[in-house]
Each structure stands twice: as structure tokens, then as C-alpha cells.
Amino acid sequence: MTLLDFARGPGLQISFIILMFGVSWRLAGTVLQRYSIDNSPGRHQSTVIDSLRTMVVRSMPVHQFEKHIKLQHYSGYLWHIGLFTSVLMFAPHIQLFKSVLGFGWPALPNSVILICASLAIAILLGLTIRRLTHPVHRLISTADDYISVFLTVFALLTGILAYSHLGLRYELMLAIHLLSAEALIIWFPFGKLIHTLMIFPSRYQIGATYGHRGVKA
Amino acid sequence: MGDKRSLGDLLFSQGVSRRGFMKYCATLTSLMALPPAMISRVAMALEQARRPSVIWLSFQECTGCTESLTRAHAPTIESLIFDAISLDYHHTLQAAAGDAAESARLSAMQENKGSYLLVVDGSIPLGNAGFSTIAGVSNVDMLRETAKDAAAIIAVGSCAAFGGLPHAKPNPTGAVSVEEVITDKPIINIPGCPPIPIVISGVLAHYLTFGTIPELDSLKRPIVFYGQTIHDRCYRRPFYDKGQYAETFDDEGARKGWCLYKLGCKGPLTYNACATLKWNAGTSFPIGSGHGCLGCSEPNFWDKGSFYAPVSVGQWGSREALFAAAAGGAVLGLGSALAVHRRQKKAAREEKESAS
Ligand code: SF4
């Protein structure tokens, strides 16, 4: 069995199984946890509007600090757009999703994907340098952050190299790309990358709690 | 057999003009990707070359490789057999049969000990000696016996090179490639199902010209023919780059000649020269005819999933396995949530007790 055979077969199966297991473990554990009882009477009947409001407000830079965090905030958006476009809109990726989900969607031209992936790498590296050089950012960063950054950049970079037929022979580069994506998939439920699934439900929940207490945040 | 004249003598005695000979050498030189300055050296070497004796053994095969070679347009099989090489033994092409055929093989081996070329097509069954025999001799014994005094071995076709179709799961005959049986001789693999005729004859011509085997890749394939993927040289590549793919074999994209990636083309993973040398005297090749590349010159191409599944689609398992994994994760999540509930309740109880 070649490395590519492993990556396209057992590697893919193992990583998908771990992903499904890990995600459902994290979600079930979170949803079923016992929430602390709120002993204070509600100031306000929390509404869906409160929750949605928090989801929107928390998606924008905090007004008071806007001047200082604008660049970081919006480059974060750009990086996510670059990543999701590369992952979700590249024709070969869509073929894989289609084989799993049973349906696909139109792809973007490969040149657009190439630009998005390159942009995503550049921004993420820039943000990582900032993370390493800014004292506060460095203080609140853990190994989890660096592992997630490394795995994501590696998967993007090997993808670009494989697509462009650069570096190693195509089949080896493709195998390395698949394995790096599989490592990312395996890491996904156990590290901070799970925020992909948790971010909006948690903001919704925070909005509901704050609404109940009459806090506008 | 036993003709000691040089190839030049032979060709000129048969009325081949010097001009025609030089033209042939020029074709050969470009075919072998040598610089034009090498034409005269190729001509000189070829002119003085002795006709090597060639023994061709066919084992578990479909005769497609011989069919492919006999349809070669340059050099033709006629020129290869009668002008260039001395094909002393070939089941399909020889007139002799039975004992006469076998004694031709044995005497060619004896007369050209250490200098004959052995060409093999077909895989070798190791499961049971009786699965495939020639004149009562098992394939593996005949290969070992004939390879012993050969100068080099050319494994023609994916069956001889990698085991091919007979080697596909579950490999009922225990089929293996030539290099799994013979380990002490130079082996050139010319895979393909079948290989491109000019590639077969080109390798023979290279040997004839230089007396050496061409530079090989890690799978023992001549780099000059197998150095690039089909995808590298495919004329549909601009459509791949633009993301324009045929979705079915008869849609608008297919009619416009768009890329066949989504229809399972294995061109990106297949090292071969089909996209440049093409087939049928350079007329076309599978992708040119609207069908994706099957990857037939790569090892185990039969066992790599559907021919019609895109390269990016791996064998990711089954939905049932994923649902089972998700259910297992949910049970674990529930278990850990319950454990936390219990701990919290206990802590609350203890707090109450200590307060009262
Ligand atoms: S048809 Fe096949 S070989 Fe040609 S560009 Fe598309 S994927 Fe590559």
C-alpha cells in the first residue's frame, strides 16, 4: 500500500470516524451539562432578539477598543473567508463532500481558490507573528492555538503545492496534503477548532443569559 | 538467429537509403528526448549495432501487449523483427510450434548466452504451478530458466511490470510481477494496459543503439516516457485550471472538451506518455476520445476504487460507520455529563450538610 493509498483509504476512514466521535462527544457533553441554577429573579424576560443581538454585537469589534483591534478583527474575517472558500469551493473538495453527503454545489475557478488559500496563509502567519510578539496575546495563547495554526497552515500549504505540482512528485504531495488534512480533522473536536461549531450557539446562549439579567452586551 | 551482420549492413542490403536511415535516426533521437546534436551519434551507433537475440515469453496475459506492438507505426514490427532485432521466440508471432518452438528458445539461449534480451508480458502465477504452463513447464520455472543468461529483461505491460489484472484482489492465482521473481538482472518495466507501441519499440531501439538500458524511475520505468503525468501534458489542462469540468459523458462540458476530472480521470496520478505520443499513429488517446484516464500504467490500478470516482474521492468508509461513531461519542458525552451532575449534586449536598 502506497502512502497515497493509505491517505485515500484507511487514513480517511479513521479521521472521519474520530471526527464524528469527537464532535458528538463534545456537543453532547456541552448540551447535557448541568447549568448552574440562577437564583436571582430575572430582570427581564429574555427573548430571541436578545440572543440574536448578542450574536451580532459579538461579531463586531468592541466599540471602545475598535481603534486598536480593527486590523486584527477584520483580518480575522478575511482569513476565515479565505479558508472556507478554499475548503468548500474547490472542485476536488466538493467531489469528496458529494461522495459523503450525497450532494454537491458549484465550484469556484481554481485561480480564485489559489488566491484565497494564499491569502489565508499570509494572514494567518501575520496574525501568528502578532500573537507571538504581543505580550497580552502571547500570555493568553496556549499550545492548542499553535497546534491549530500549524495544522491549518500545513494543510493549506500542501494543498497549494499539490495543486500547482510544485515540490515533490504529485502523488506524494497529494498524500501529504491528505494526511495533513486528516490530522486537522482528527484534531478538530479536541482543540479550539471546535469553535467552528460552538461559536454561534454559545453567543446565543450568552445573549439569553444576559437578556435574563437585563444586561445589554 | 545467429546473424552477425551489423544493423547498418542489414538495412542497406535491404535497400534502405542513407537518407531514409538518417530520417529514422532523427525520429528515434527525438523519441528518446535526446538533443538533435545526438542524431549523428545515434546513426553511427545504430549502423554498427549487432542484432540482439530477443526471446519473448508470454505468461498470464491477454495478448493485448503484442497486439499493441504489432500496430506500432514507427519503427514497425516488421522493421523490428526483420531488420533490427532477431525475435527468436514469441508464442503468438512465431510459425514454429510444440517441440520445434521450445528448441528454438533453448538454442537461442545457448547461442547468445549472456547477451540476449528477454521480453516478458503477463504475470507469473505462484499459487499453483499448474495455473499456467507452456509445454508442461510452469511460468515461474520458464522465467527463471530463461532469465538466467539474459543480458536484461523488459517487462512489457502492467501484468509483467506490476502483476496487473491477474494480481487484482483477491489474486486467485497468486500472480506476481517479473521483478518479484527475478532479482539479479537489469529489469526495465514498460507498464500500460497495454503500453504505447512506440514506447515498447523505443526502448528496444534504445538498447539497440546504445547497448544500455535507458534511465529509469523508482518503478523501473524509462523516465523519458514515464517522467511526466498525463495531467502534465493533457490538452484539457486549461479547463482543469479554470475549473471547467464535464459532469457527464454527454453534457455541454463534455461536448466542449472540458476536463474529465469529475468523471474519474486518473491523469493527475498517472505517469505515461499517452498525452504526447498518443495511439494509432498519433491519432488520439483515451482522454482525446472523451474518456478519463484509467491510470493503467500505475501499480494496482484495478484496486484503487471506481474508475469513475474523482481522484479526490477517497474510500472514506460507510455512513453506518460514521453514525455508529457519532452515537458512541454521544453516549460518552452523556456519560460524562451524568458524572458531572453526580459530582455537583454530591458537592451541593455536602455544602448543605456542613451549613446545617
Ligand atoms: S482530463 Fe484528466 S488529465 Fe486532462 S486535465 Fe483533466 S484531470 Fe487532467
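None of the values given here were measured: they were computed from a predicted structure. (Residues numbered from 1 in each chain as written. Chains lettered and ligands numbered in written order. Predicted model: local features only at pLDDT ≥ 70, side-chain atom pairs only at ≥ 80, totals over all residues. Heavy atoms only, no water.)

Comments concerning the overall build of chain A
Applied cut-off: Numbering of helices and strands starts at the N terminus; helices are DSSP runs of H or I of at least 4 residues and strands are runs of E of at least 2. Here's how the labels work: a residue is buried when its accessible area is under 20% of the maximum for its type, exposed when over 50%, partly exposed in between, all with a 1.4 Å probe on protein chains only. Contacts: residue pairs with any heavy atoms within 4.5 Å of one another. The accessible surface values rely on the Shrake-Rupley method and a 1.4 Å probe; as for residues, cover is taken only from the protein chains in view. When charges are counted, neither His nor the chain ends are considered; positive counts come from Lys and Arg and negative counts from Asp and Glu. Lysine's charge is taken at NZ, arginine's at CZ, aspartate's at CG and glutamate's at CD.
When helices and strands are tallied, chain A shows 10 helices and zero strands. Expressed along its principal axes, the backbone C-alpha trace of chain A runs to roughly 65 × 40 × 35 Å. Taking all 217 residues of chain A together, 35% fall into the buried category. For chain A, long-range pairs separated by at least 24 residues make up 69% of all intrachain contacts whose partners lie at least 6 apart in sequence. Accessible surface for chain A amounts to roughly 12,500 Å². Of this, 73% is attributable to carbon and sulfur atoms. Put simply, chain A has 17 plus and 8 minus side-chain charges, and the middle of one group is 10 Å from the middle of the other.

Concerning the interface of chain B and chain A
Rule in force here: Buried area is understood as the total, over both parts, of accessible area removed when two parts are fitted together, assessed with a 1.4 Å probe. Each reported salt bridge corresponds to a side-chain nitrogen of Lys or Arg within 4 Å of a carboxyl oxygen of Asp or Glu. Any pair of N or O atoms that falls within 3.5 Å is considered a polar contact. Within protein, one atom must be able to donate a hydrogen and the other to accept it, and sequence-neighbouring residues count only if both atoms are side-chain atoms.
Contacts between chain B and chain A engage 41 residues on the former and 35 residues on the latter. For the pair chain B and chain A, the summed buried area comes to about 3,400 Å², and 58% of that belongs to carbon and sulfur atoms. Across the contact surface, chain B and chain A share one salt bridge. Across the pair Lys304 of chain B and Asp5 of chain A runs a salt bridge, and its minimum N-O distance is 3.2 Å. Counting the contacts that link chain B with chain A gives 15 residue pairs in polar contact (both at pLDDT 80 or more).

Observations concerning a nonpolar patch on the surface
All names here are of chain A. This is how the line gets drawn: Grouping into patches uses exposed residues only, defined as over 30% relative accessible area, and leaves out salt-bridged ones; the cut-off is 9 Å for like charges and 5 Å for nonpolar side chains (Val, Leu, Ile, Met, Phe, Trp, Tyr).
Together, Tyr74, Tyr77, Leu78, Ile81 and Leu119 give the surface a local cluster of nonpolar side chains, amounting to about 470 Å² of exposed area. Top element by residues in the nonpolar patch is helix 4 (residues 66-88). It accounts for four residues. By the element assignment, Tyr74 lies in helix 4. Residue Tyr74 is classed as partly exposed on the basis of its relative accessible area of 41%.

Some words on the environment of Pro197 of chain B
Residues and elements named next belong to chain B. For Pro197, the position within the fold is in helix 10 (residues 197-210). On the accessibility criterion, Pro197 (8% relative accessible area) is buried. With 23 residues separating them in the primary sequence, Pro197 and Gly174 have C-alpha atoms 28 Å apart.

Description of the site of the ligand
Rules: Residues are counted as near a molecule or strand when any one of their heavy atoms sits within 4 Å of it. Here the nonpolar group is Ala, Val, Leu, Ile, Met, Phe, Trp, Tyr, Cys and Pro; Asp, Glu, Lys and Arg are the charged ones; every other residue, Gly included, is treated as polar.
In the region of the ligand, the neighbouring residues are His231, Cys234, Arg236, Arg237, Tyr240, Cys259, Leu260, Tyr261, Cys265, Gly267, Pro268 and Ile287 of chain B. Of the residues belonging to the shell around the ligand, the class tally is eight nonpolar, two polar and two charged.

Comments concerning the environment of Ile199 of chain A
All names here are of chain A. Relative to the helices and strands, Ile199 resides in helix 10 (residues 195-213). Under the relative-accessibility criterion, Ile199 is labelled partly exposed at 25%. Separated by 14 residues in sequence, Ile199 and Ile185 place their C-alpha atoms 18 Å apart.

Some remarks on the nonpolar core
Residues and elements named next belong to chain B. Put simply, the rule reads: In this description, a nonpolar core means a group of buried Ala, Val, Leu, Ile, Met, Phe, Trp, Tyr and Cys residues linked to one another through side-chain atoms lying within 4.5 Å. Domains are outlined according to an automatic or database domain assignment.
One finds Ile154, Ile190 and Ile287 to be the most contacted residues of the largest nonpolar core, which totals 36 residues. Of the residues forming this core, the biggest block, six residues, is contributed by helix 10. The two domains that each donate at least three residues to this core are domain 1 (51-225) and domain 2 (230-338). Residues contacting Ile287, with those up to four places away along its chain left out, are Ile230, Cys234, Tyr235, Arg236, Leu260, Cys265, Gly292 and Cys293. Listed in part, the 25 residues of the second largest apolar core include Leu57, Val120, Ala147 and Val176.

What to know about the domain arrangement of chain B
Residues and elements named next belong to chain B. Domain parsing of chain B yields domain 1 (51-225) and domain 2 (230-338). One C-alpha centre belongs to domain 1, the other to domain 2, and the line joining them spans 32 Å. Taken together, the contacts link 20 residues of domain 1 with 17 residues of domain 2. Summing both sides of the interface, domain 1 and domain 2 together bury roughly 1,500 Å²; the carbon and sulfur share of this comes to 67%. Its largest share of buried area at the contact with domain 2, domain 1 owes to Ile196, Arg221 and Phe225, together 32% of the area lost on that side. Linking domain 1 to domain 2 there are one salt bridge. Across the pair Glu298 and Arg221 runs a salt bridge, and its minimum N-O distance is 2.9 Å.

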